[in-house]
Amino acid sequence: MSFEALAPLAQQRPLRILLVNAGEADAISWAGLVQPLRLAAAALGREVLHLETMSPTQVVLAQPGWHIALLVADEQQAPLSPELIRAVIERCRSADYWGGVGAGVLWLAAAGAMAGVRIALPWSLYAETESFSERAVLTPNLFALDGRHLSCCGGAASIDFSLTLIEALFGATVQANIKESLCVERVRGHDERQRVALQARFGALQPRLSEAVTLMETNLEEPLSTDDIANLVGLSRRQLERLFKQYLGSLPSRYYLELRLQRARQLLLETNHSIVQVGLMCGFSSGSHFSTAFGALFGNTPREERQRKLAPPA
């Protein structure tokens, strides 16, 4: 789901955003989220953006009425008590859009508040999802919007998430000003993946899943079929599809396609290979298929992506 779905909220005056800090004030997940929003609030004025920051115990006593509410905690943070997390959820879910950042995503999912929802969870917490992995859908992306639910893996991705919210709510000019203030050159998109090897995410938990993704990553130019991959890792096609759906929120074929397209975008921006060469290097024998698949995932064509590299800085 595109973050452009948040745009109608910009008509609210003031737009009320609640951030619930369940961790340390200097934690990167918190700082990365709150600082861009504080700068936006200062630039726009309280009558446009009213940013509220509270502790979990404070929010339980607060009056609802927020448009966006997020529970934030770094992954090392000890979880809240079951009673307190239930009370926080009750307050936060009254907002139009709500969710968590970092360990906050895990706590919400473990409490059953993210059933059937695609969530962006820190990779280091994947091993703690066994109790609810069938109720929530894990996505390896940096952040996600699914229906009314927002989630971000935290860490440095909190900055990208915060800046994406600012653009969706207040436009590209406001975002550009905040980026300049923070010396941020590029905002990573919600569809980008956490840049950690799958083996590090799962360790010994799902070795065949790790092996399957490694096969994909090392066979981009001449893609293997799903059946071939399943045979090579010693699983049936159905078993492999179940693993991908449970842990990566995608079918193997879709995940493989996105890997190839992510690599293609990297080559378009970082090398001088022609568009045709890039397509071939990423397993696309047809230029039209490459262009159509690229556009469906990223919203622009390979040629437009290449023009981004060539365009002078604003």
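Residues numbered from 1 in each chain as written. Predicted model: local features only at pLDDT ≥ 70, side-chain atom pairs only at ≥ 80, totals over all residues. Heavy atoms only, no water.

Going by an unreviewed UniProt entry, the protein chain carries the name Helix-turn-helix domain-containing protein and comes from Pseudoduganella danionis.

Trainee: Describe the UniProt feature "domain: HTH araC/xylS-type" (unreviewed entry) in the protein chain, listing the residues and the values that go with them.
Mentor: Under the present numbering, the feature "domain: HTH araC/xylS-type" (unreviewed entry) in UniProt falls on residues 210-308. Spanning residues 210-308, this segment combines 74% helix with 0% strand, and its end C-alpha atoms are found 33 Å apart. (UniProt positions renumbered as here; feature names shortened; annotations may be inferred. Helix = DSSP H or I, 4+ residues; strand = E, 2+ residues; numbered from the N terminus.)

Trainee: Pulling in residues and values, what's your account of the nonpolar core?
Mentor: With 38 residues, the main nonpolar core has Phe-3, Leu-6, Ile-17, Leu-19, Leu-70, Leu-150 and Phe-161 as its most contacted residues. The element contributing the most residues to this core is helix H5 (residues 157-170), with eight residues. Apart from residues no more than four positions distant in its own chain, Leu-70 is found in contact with Leu-18, Leu-19, Val-20, Leu-33, Gly-99, Gly-100, Leu-150, Phe-161 and Leu-165. By size, the runner-up hydrophobic cluster in this structure holds 32 residues, among which are Met-54, Cys-92, Trp-98 and Met-114. (Core = buried A, V, L, I, M, F, W, Y, C linked by side-chain atoms within 4.5 Å. Buried < 20%, exposed > 50% of the residue type's maximum accessible area, 1.4 Å probe, protein only. Contact = heavy atoms within 4.5 Å.)

Trainee: Outline the pairing of strand E4 (residues 97-102), supporting the account with residue identities and numerical values.
Mentor: Most of E4 sits inside the fold, with six of its six residues counted as buried. Looking at chain direction, strand E3 (residues 68-73) and E4 are connected through six bridges and run parallel. When the bridges of E4 are listed, Ile-68 appears paired with Tyr-97. Crossover connection from E3 via helix H3 (residues 82-92) to parallel E4: handedness right-handed. Pairing of E4 with strand E8 (residues 149-152), which is carried by four bridges, proceeds in the parallel orientation. By the bridge assignment, Trp-98 is partnered in E8 with His-149. (Pairing = 2+ DSSP bridges. Right-handed = clockwise from strand over helix to strand, strands pointing away.)

Trainee: Describe the packing of helix H8 (residues 207-217) against helix H10 (residues 237-248), with residues and values.
Mentor: Contact geometry for H8 and H10: axes closest at 10 Å, N-to-C directions at 95°. Classified by the angle their axes make, H8 and H10 are roughly perpendicular. For the pair H8 and H10, contact is made by Leu-209, Ala-212, Val-213 and Met-216 and by Leu-240, Leu-243, Phe-244, Tyr-247 and Leu-248, respectively. Broken down by class, the residue content of the contact of H8 with H10 amounts to nine nonpolar, no polar and no charged. (Axes fitted to C-alpha atoms, helices over the stretch in contact; angles between N-to-C directions. Parallel < 35°, antiparallel > 145°, perpendicular 65-115°, else oblique. Nonpolar A, V, L, I, M, F, W, Y, C, P; charged D, E, K, R; others polar.)

Trainee: So what about the pattern of salt bridges? Which residues, and what values?
Mentor: Across all of its chains, the model carries five salt bridges by this definition. For Asp-227, the salt bridge identified is with Arg-237, shortest N-O distance 3.2 Å. Within this pair, whereas Asp-227 is found in helix H9 (residues 226-233), its partner Arg-237 is found in helix H10, the two being separated by 10 residues in sequence. Taking the shortest distance from any N to any O, the salt bridge between Glu-258 and Arg-254 comes out at 3.0 Å. Of this pair, Glu-258 and Arg-254 both sit in helix H11 (residues 252-270), four residues apart, which is roughly one turn of that helix. Relative accessible area serves as the criterion here: at 14%, Glu-258 is assigned to the buried category. (Salt bridge = Lys/Arg side-chain N within 4 Å of Asp/Glu carboxyl O.)

Trainee: Now, about unusual backbone geometry: what can you tell me, with residues and values included?
Mentor: Here the amide bond leading from Arg-13 into Pro-14 is cis, since omega sits at -10°, within 30 degrees of zero. Inspection of the secondary structure assignment puts Pro-14 in the segment before strand E1 (15-21). For Cys-183, which is not glycine, the phi dihedral falls at a positive 60°. Position of Cys-183 relative to the elements: it lies in the loop between helix H6 (172-182) and helix H7 (198-202).

Trainee: Break down the packing of aromatic side chains for me, with residues and values.
Mentor: Evaluated as defined, the whole model comprises seven aromatic pairs. Judged by centre distance (5.5 Å) and plane angle (85°), the ring pair of Phe-3 and Phe-143 falls under edge-to-face. Here the residue Phe-3 occupies a position in the segment before E1, and Phe-143 occupies one in strand E7 (residues 143-146), the gap between them amounting to 140 residues. Each member of the pair, Phe-3 together with Phe-143, is buried. For the ring pair Phe-290 and Phe-294, a centre distance of 5.9 Å and an interplane angle of 75° mean the geometry is edge-to-face. Of this pair, Phe-290 and Phe-294 are both found in helix H13 (residues 287-298), four residues apart, which corresponds to roughly one turn of the helix. Judged by its relative accessible area of 2%, Phe-290 is buried. Within the aromatic cluster, the residues linked to one another by ring pairs are Phe-284, Phe-290, Phe-294 and Phe-298. The ring of Phe-284 has Arg-260 sitting right over it, with the charged end atom 4.2 Å from the ring centre. (Phe/Tyr/Trp six-rings, centres within 6.5 Å; stacked < 30°, edge-to-face > 60°. Lys NZ or Arg CZ within 6 Å of the ring centre and 35° of its normal.)

Trainee: Talk me through the packing of H8 against H11; I want residue IDs and the actual numbers.
Mentor: Following both chains from N to C, one finds H8 and H11 inclined at 40°, their axes separated by 10 Å at the closest point. In terms of orientation, H8 and H11 fall into the oblique class. The two elements H8 and H11 cross, and the hand of that crossing is right-handed. Here H8 contributes Val-213, Leu-215, Met-216 and Glu-217 to the contact with H11, which in turn contributes Pro-252, Tyr-255, Tyr-256 and Leu-259. (Left-handed = near helix turned anticlockwise from the far one by under 90°.)

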